[in-house]
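Listed below, chain by chain, are the residues.
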Amino acid sequence: MSDKKASNQMWGGRFASGPAAIMEAINASIGFDKKLYAQDIRGSVAHSEMLAETGIISGDDQQKIAHGLNTILREIEDSKFEFSTRLEDIHMNVEARLADLIGPAAGRLHTARSRNDQVALDFRLWVKDEFNRVAVALKGLIAVFVERAEQHAGTVMPGFTHLQTAQPVTFGHHCMAYVEMFARDLSRVRDAIERMDESPLGAAALAGTGFPIDRFQTAKALGFREPTRNSLDSVSDRDYALEFLSVASICATHLSRLAEEIVIWSTPQFGFVRLSDSFSTGSSIMPQKKNPDAAELVRAKTGRVNGHLIGLLTVMKGLPLTYSKDMQEDKEAVFDAAETLDLMIAAMTGMVGDMTINEQAMKKAAGSGYSTATDLADWLVRSLGMPFREAHHVTGRAVALAESKKVGLEKLTIEDLKSIHDGITEDVFSVLSVQNSVKSRTSFGGTAPAEVRKQIRYWKKRLAKA
């Protein structure tokens, strides 16, 4: 066996040409960073315009560059562009094609620029665009919850702690809890956009450039608030990618909590909701089953998003300033997390929007587990001036009596209640029904239907301005 053949077998069958093939495979990023083509071309056009206006290149060369870049954009969008792994990344693929189209003028485009600030710009633009897409999707999800809350502001259901029946609430109030959660996600998205709204273009490789460039012009042209203020940080910063993954992970966690509730609520044991056929599947062997697969997959995909966050944090944790090739690992994580989150939000918006609410099942469950016990204790405090700890003890005895009689608290007689404390009057029954219980919770942010409708009005106004 020849030395060359033996060497190739050592490198492995997938890499027939040995080390060169392996290096190309591990080094090339065009397989995934071609997703940045629109941002790359947009940044290059802005850079060329600035170079021309500052007199660094001629206006004629700039026009050729812009025409060539727009031609490449159309080719990619029409699926006529041939990407090459030999050219490593989106930047070199575009630059090589530009040279084919316009000749030597293409070589002037890279003046006062490095692939380091170029990729930082492209990726930052992409993440900013994706943040804006997520913001629109979250607004749609919030609007669906507000609509469901308005429909069910007075629909009674059990509120849970430890997944045990605690106190009656309304389904509208429960929906508005998710409005608050997803609104915080939306707030985080907007905060992150504000923090990342700086252009790294012009930082060059790491130290800036001696050419008389105008970084404020390119920042404005690309929709950024201002340019970054330190060239070293500009090319090594990936906080915006980490922040996207962090925001995505928190939002995915909220979606997963909602998915878990939908899975539980749609069981025959609960029967609170029924999912439409659009978001359910049947069993291959049990014809009676209707599985909440979409909700289960939302729940599962949260682990995928969380994993990407941990992965990129691990990549970045040991990197000295400034750029290292390790950073090439940032994009696949963010791209996949973004695609996953987009799908999760869309699926949950659809599920919540068209699921059927079983009001009777919710109302029946709301009265189980002696859910108005706290109302009895509160009544004892208000009406008899009893210390709450004593009222808690008296209420516990009432619950024990109801359990022994196998009835709800509201079904105890006045004689039963007086046997526990002779100060109790007929007025106590005004608080023992689930309907009266929820109506009494009128504190700001409480579950009383009137308060829920107040919060709905607030969020409608806020969404209209968002």
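Model, not experiment: these values are computed from the prediction. (Residues numbered from 1 in each chain as written. Predicted model: local features only at pLDDT ≥ 70, side-chain atom pairs only at ≥ 80, totals over all residues. Heavy atoms only, no water.)

**Focus: the overall build of the chain**
And then number 1: Of the regular secondary structure elements, the chain holds 19 helices and 8 strands.
And then number 2: The C-alpha atoms of the chain give 31 Å as radius of gyration, which overshoots the globular expectation for 466 residues (23 Å, by more than 25%).
And then number 3: The principal-axis extent of the C-alpha atoms belonging to the chain is close to 100 × 60 × 40 Å.
And then number 4: The buried share of the chain, taken over its 466 residues, is 48%.
And then number 5: Considering only residue pairs separated by 6 or more positions, the chain has 74% of its internal contacts joining residues 24 or more positions apart.
And then number 6: Of the roughly 22,700 Å² of accessible surface on the chain, 53% is carried by carbon and sulfur atoms.
And then number 7: The averaged location of the 59 negative side-chain charges in the chain is 4 Å from the averaged location of its 56 positive side-chain charges. (Helix = DSSP H or I, 4+ residues; strand = E, 2+ residues; numbered from the N terminus. Rg over C-alpha atoms; globule rule 2.2 N^0.38 Å. Buried < 20%, exposed > 50% of the residue type's maximum accessible area, 1.4 Å probe, protein only. Contact = heavy atoms within 4.5 Å. Areas by Shrake-Rupley, 256 points an atom, 1.4 Å probe, with all protein chains shown as cover. Lys, Arg positive; Asp, Glu negative; His and termini not counted. Charge placed at Lys NZ, Arg CZ, Asp CG, Glu CD.)

**A closer look at the nonpolar core**
And then number 1: Of all hydrophobic cores here, the largest spans 99 residues; its most connected members are Phe182 and Leu255.
And then number 2: Looking at this core element by element, the count peaks at 16 residues for helix H11 (residues 239-265).
And then number 3: For leucine 255, the contacting residues outside a window of four places in its chain are Leu141, Phe182, Val298, Leu341, Met344, Ile345 and Met348.
And then number 4: Listed in part, the 20 residues of the second largest apolar core include Leu376, Ile414, Val431 and Leu432. (Core = buried A, V, L, I, M, F, W, Y, C linked by side-chain atoms within 4.5 Å.)

**As for helix H5 (residues 59-77)**
And then number 1: Under the 1.5 Å per step criterion, the end-to-end length of H5 is 27 Å for 19 residues, consistent within 8% with the ideal 27 Å.
And then number 2: When we look at burial in H5, the residues that qualify are Asp61, Gln62, Ile65, Ala66, Gly68, Leu69, Thr71, Ile72, Glu75 and Ile76.
And then number 3: One or two steps after H5, the chain reaches serine 79, where phi turns positive at roughly 60°. (Expected span 1.5 Å × (residues − 1).)

**Notes on the packing of helix H12 (residues 293-316) against helix H13 (residues 330-354)**
And then number 1: Running from N to C, H12 and H13 cross one another at 155°; their axes reach a closest spacing of 9 Å. What the angle tells us is that H12 and H13 run roughly antiparallel. Along this stretch, H12 crosses H13, giving a crossing that reads as left-handed. Across the interface between the two elements, Ala294, Ala295, Val298, Lys301, Thr302, Arg304, Val305, His308 and Leu312 of H12 pack against Asp330, Ala333, Asp336, Ala337, Thr340, Leu343, Met344, Ala347, Met348 and Met351 of H13. (Axes fitted to C-alpha atoms, helices over the stretch in contact; angles between N-to-C directions. Parallel < 35°, antiparallel > 145°, perpendicular 65-115°, else oblique. Left-handed = near helix turned anticlockwise from the far one by under 90°.)

**Here's the deal with the state of the cysteines**
And then number 1: Across all of its chains, the model carries 0 disulfides by this definition.
And then number 2: Of all cysteine sulfurs in the structure, the one in cysteine 251 sits closest to cysteine 175, which takes part in no disulfide; the separation is 17 Å. (Disulfide = S-S within 2.5 Å.)

**Digging into the environment of lysine 301**
And then number 1: As for its position among the elements, lysine 301 is in helix H12.
And then number 2: In this structure lysine 301 comes out as partly exposed when scored by relative accessible area, which is 23%.
And then number 3: A C-alpha to C-alpha distance of 9.7 Å links lysine 301 and leucine 343, two positions 42 residues apart in sequence.
And then number 4: Each residue touching lysine 301, except ones within four places of it in the same chain, is listed here: Thr340, Leu343 and Met344.

**So, the pattern of salt bridges**
And then number 1: Considering all chains together, one arrives at 23 salt bridges under this definition.
And then number 2: A salt bridge links glutamate 194 to arginine 225, with the shortest nitrogen-to-oxygen separation between them at 3.4 Å. In this pair, glutamate 194 sits in helix H8 (residues 171-196) while arginine 225 sits in the loop between helix H9 (215-221) and strand S4 (226-227), placing the two residues 31 residues apart along the sequence.
And then number 3: Arginine 195 serves as the salt-bridge partner of glutamate 243, at 2.3 Å between the closest nitrogen and oxygen. (Salt bridge = Lys/Arg side-chain N within 4 Å of Asp/Glu carboxyl O.)

**A short note on the packing of aromatic side chains**
Remark: the centre distance and the inter-plane angle together describe each pair of aromatic rings, the angle taken between the planes.
And then number 1: On inspection of all chains with the given rule, the structure shows 13 aromatic pairs.
And then number 2: A centroid spacing of 6.1 Å and a plane angle of 25° characterise the contact between tyrosine 178 and phenylalanine 182, whose relative ring orientation is stacked. Of this pair, tyrosine 178 and phenylalanine 182 both sit in helix H8, 4 residues apart, which is roughly one turn of the helix.
And then number 3: Residue phenylalanine 182 is classed as buried on the basis of its relative accessible area, which comes to 0%.
And then number 4: Ring geometry for phenylalanine 270 versus phenylalanine 272: centroids 5.2 Å apart, planes at 75°, classification edge-to-face.
And then number 5: Owing to a relative accessible area of 26%, phenylalanine 270 belongs among the partly exposed residues under this scheme.
And then number 6: Taking the relative accessible area as the measure of exposure, phenylalanine 272 reaches 2% and is therefore buried. (Phe/Tyr/Trp six-rings, centres within 6.5 Å; stacked < 30°, edge-to-face > 60°.)

**Focus: the pairing of strand S1 (residues 156-161)**
And then number 1: Relative to strand S2 (residues 164-170), S1 is paired through 6 bridges, and the arrangement is antiparallel. By the bridge assignment for S2, threonine 161 is matched with glutamine 164.
And then number 2: Between S1 and the antiparallel strand that follows it, S2, lie 2 residues; histidine 162 among them carries a positive phi value of about 60°. (Pairing = 2+ DSSP bridges.)

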